[in-house]
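Residue-level structural notes
The lines below spell out each chain.
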Amino acid sequence: MRITQGTFSYLPDLTDEEITAQIQYALGNGWPLSVEFTDDPHPRNTYWEMWGLPMFDLADAAGVLMEVNACRTAHPDKYVKLNAYDARLGRQTTALSFIVQRPAHEPGFRLERQETSDRQIRYTTHSYATERPTGDRYRQG
Amino acid sequence: MGVPQDAARPSFGMHATGSRNGREPAQEEQAPEPELLPAEAVVDLAAARREAGIDEVLGSLDAELVGLEPVKTRIAEIAALLLIDRVRARFGVTAQQPTLHMCFTGNPGTGKTTVAMRMAELLHRLGYLRRGHLVSVTRDDLVGQYVGHTAPKTKEVIKRAMGGVLFIDEAYYLYKVENERDYGGEAIEILLQVMENNRDDLVVILAGYAERMDEFFAANPGMQSRIAHHITFPDYTVGELAQIGELMTEALGYRFSPDAQEVFRRYLDKRVGQPWFANARSVRNAVERARLRQARRLLEQPDPRVDLAALTTIEPDDLLASRVFGAASDGPSPGSGGVGASIRTGHGRLGER
């Protein structure tokens, strides 16, 4: 199951040219970018690991793409995303965030039901990937 | 901002609308591939030249930079090569992008930084660089202070320079021959790698004094071979220096009186032979000091009323007070008078660098 997190996640994966165009759009708006990766795809996992520091004062997308590619090489079977941060007063939040790499095979989620008092049901999503230890989650076979 | 209704399906995707609209024109731009010209087509090079706006940049280079013939020739050659490459590409003949990493060697004040700045603009106009900005750094910006500090620091600078020119001033400081454990070697290694792999992303320009750069290249043969253009900046002649001085005073809103022009030339004649002479930089300093003396002269003159001409004119006295004239002829020089003497004894040592 393809996870859908961040901008463009309902579209087919972006090519490097399309990613470059998006980076350039973010840089044009004055948003510094940062690269993050994780192997825990749960939508509530907001703490992805940072790949280096956020990149400030860049003029051209090539520098960001270089880091994206370095992260892809180091973590070929993890999720990698790009965040663009808008630091303007009044916004000060992530302005654009999209996945630039996902594992070849995404096992997906199951819905868990937990019966509590008074026959109430609590629901939670459980990621199949997390059944394996971290670092080993998207190994084929 | 849409609030996610369902936690399992966050609506982040909806936010894309604005950005996607921004992306579509880019795709449309890519769609009509520039059609290749047939083999028998004829291209007007003059028109291509006009289109690229090279003449404008080369013209302003000629007008604003005095002398530097070998530099201008090389820049014109590079401009011509890139233009021809572009025209060839229209016929479908593509060659590998030429390497444009450069090394500027020359004495202090010969215009290395100024030319580097122009180079960035020129290469941008010719379509070689995507952004055409200049990132000027020295050893401090590239080399770290402890183990593991250098690589991220160098990479950050390189990322900032992507799409433009990375100008490394006093590049020979990067490598210290006497200290084996210096981190400069690491910075050089990363630079070399980027110069090879990201050739179309950035142009690296090293600058430094000729002898020191020779030592630097002797210690780093890999660097020497990766730099295609070694450009030597010659020292200026006295005539050129005088011209530079006039351009500078003009830019500051001053002008030399006819007598002062003649004195300025004599000043340069003497100054060139003295130690610490730094070409255009010395000229700038001389002009700055002449301004100081002119201001002081105007305040001290018996008649306190001045007109525009007086405010903007540098007189021979403002120049003759310089220590340069005193040092050459032992004892007070004829024209310098009391002011010159007081400046010589006052802060003459500081003044003449």
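Residues numbered from 1 in each chain as written. Chains lettered and ligands numbered in written order. Predicted model: local features only at pLDDT ≥ 70, side-chain atom pairs only at ≥ 80, totals over all residues.

Looking at an unreviewed UniProt entry, chain B carries the name CbbX protein, with the source organism given as Pseudonocardia asaccharolytica DSM 44247 = NBRC 16224. Quoted straight from UniProt, the Sequence similarities (unreviewed entry) entry for chain B says "Belongs to the CbxX/CfxQ family." (UniProt positions renumbered as here; feature names shortened; annotations may be inferred.)

Under the annotation held in an unreviewed UniProt entry, chain A carries the name Ribulose bisphosphate carboxylase small subunit and is attributed to Pseudonocardia asaccharolytica DSM 44247 = NBRC 16224. Under the heading Sequence similarities (unreviewed entry), UniProt records this for chain A: "Belongs to the RuBisCO small chain family."

Across its full length, chain A carries 2 helices and 6 strands. When the helices and strands of chain A are placed in sequence order, the string is α-β-β-α-β-β-β-β. Expressed as lengths along the three principal axes of its C-alpha atoms, the size of chain A is roughly 60 × 40 × 25 Å. Taking the intrachain contacts of chain A between residues at least 6 apart in sequence as the baseline, contacts between residues at least 24 apart amount to 52%. (Helix = DSSP H or I, 4+ residues; strand = E, 2+ residues; numbered from the N terminus. Contact = placed C-beta atoms within 7 Å.)

This part is about the overall build of chain B. Along chain B, the regular secondary structure elements total 17 helices and 7 strands. Relative to its full complement of 353 residues, chain B shows a buried share of 33%. Within chain B, residue pairs in contact and separated by at least 24 positions form 74% of the contacts whose partners lie at least 6 positions apart. (Buried ≥ 20, exposed ≤ 12 C-beta atoms within 10 Å, placed from the backbone.)

Attention shifts here to the nonpolar core. All names here are of chain B. Membership of the largest hydrophobic core comes to 80 residues, with the highest contact counts inside it found for Ala116, Val165 and Ile205. Setting aside residues no more than four positions away along its own chain, Ile205 makes contact with Met102, Phe104, Ala116, Met119, Val165 and Phe167. Judged by nonpolar contacts, the second largest core, of 21 residues, contains Leu241, Ala280, Val283 and Ile314. (Core = buried A, V, L, I, M, F, W, Y, C linked by C-beta atoms within 7 Å.)

All names here are of chain B. In space, the 5 strands of this open sheet follow the order S2-S3-S4-S1-S5, with parallel pairing throughout. The two strands at the open ends of the sheet, each matched to only one other strand, are strand S2 (134–137) and strand S5 (229–233). Sheet twist, expressed as the mean angle between neighbouring strand axes with direction ignored, is 20 degrees. Pairing between strand S1 (residues 102–106) and S5: 5 bridges, direction parallel. Bridge pairing links Phe104 to Ile231 in S5. Each of S2 and strand S3 (165–168) is contacted by helix H7 (residues 150–161), which is oriented at about 155 degrees to S2, the strand it contacts most. Sitting on the sheet, helix H9 (residues 210–219) is in contact with S1, strand S4 (203–208) and S5, with an inclination near 140 degrees to S1. (Pairing = 2+ DSSP bridges. Axes fitted to C-alpha atoms, helices over the stretch in contact; angles between N-to-C directions.)

This brings us to the packing of helix H3 (residues 54–64) of chain B against helix H5 (residues 112–125) of chain B. All names here are of chain B. As a packed pair, H3 and H5 sit with axes 9 Å apart at the nearest point and diverge in direction by 165 degrees. Our classification of the angle between H3 and H5 gives roughly antiparallel. Along this stretch, H3 crosses H5, giving a crossing that reads as left-handed. Within the contact between the two elements, H3 uses Ile54, Val57 and Leu61 and H5 uses Arg118, Glu121, Leu122 and Arg125. (Parallel < 35°, antiparallel > 145°, perpendicular 65-115°, else oblique. Left-handed = near helix turned anticlockwise from the far one by under 90°.)

The subject of this paragraph is the UniProt feature "domain: Ribulose bisphosphate carboxylase small subunit" (unreviewed entry) in chain A. With numbering aligned to this structure, UniProt lists the feature "domain: Ribulose bisphosphate carboxylase small subunit" (unreviewed entry) at residues 4–103 of chain A. In this annotation, residues 4–103 of chain A is assigned 27% helix and 30% strand; the end-to-end C-alpha distance for the span is 13 Å.

Examined against the element boundaries, Asp13 of chain A turns out to sit in the segment before helix H1 (16–28). Remark: the alpha-carbon pair of Asp13 of chain A and Ile99 of chain A, spanning 86 residues in sequence, is separated by 8.3 Å.

Another point: H9 of chain B. All names here are of chain B. Listed in full, the buried residues belonging to H9 are Met213, Phe216 and Phe217. Along H9, the residues classed as buried sweep out an arc of 95 degrees about the axis, all on the same side. Facing away from the buried side of H9 by more than 90 degrees, the exposed set consists of Glu211 and Ala218. Its buried side turned inward, H9 meets S1, S4 and helix H10 (221–226). (Arc of directions from axis to C-beta.)

All right, on to the domain arrangement of chain B then. By a frequent convention, interface size equals the accessible area lost on bringing the separate parts together. Residue and element names in this part refer to chain B. Per the domain assignment, the segments making up chain B are domain 1 (99–233) and domain 2 (238–351). With 5 residues of domain 1 at the contact, the number on the domain 2 side is 5 residues. Split by residue class, the side of domain 1 that touches domain 2 holds 1 nonpolar, 4 polar and no charged. (Domains from an automatic or database assignment. Nonpolar A, V, L, I, M, F, W, Y, C, P; charged D, E, K, R; others polar.)

Residues and elements named next belong to chain A. One way to put it is that H1 packs onto helix H2 (residues 61–74) with a least axis distance of 9 Å and a crossing angle of 125 degrees. One finds that H1 runs oblique with respect to H2. Here the hand of the crossing between H1 and H2 comes out right-handed. Facing H1, whose interface residues are Asp16, Ile19, Thr20, Ile23, Gln24 and Leu27, H2 presents Ala61, Val64 and Leu65. When its residues are assigned to classes, the contact of H1 with H2 shows 6 nonpolar, 2 polar and 1 charged.

Quick look at the sheet that holds strand S1 (residues 33–38) of chain A now. Residue and element names in this part refer to chain A. Strand order in the open sheet made by the 4 strands is S2-S1-S3-S4, with antiparallel pairing throughout. In this open sheet, the two strands that pair with only one neighbour each are strand S2 (49–55) and strand S4 (93–101). If you compare each strand with its neighbour and ignore which way they point, the axes differ by 20 degrees on average. Pairing of strand S3 (residues 79–86) with S4, which is carried by 7 bridges, proceeds in the antiparallel orientation. When the sheet's bridge partners are listed, Asn83 is paired in S4 with Ser97. Sitting on the sheet, H2 is in contact with S1, S2, S3 and S4, with an inclination near 165 degrees to S2.

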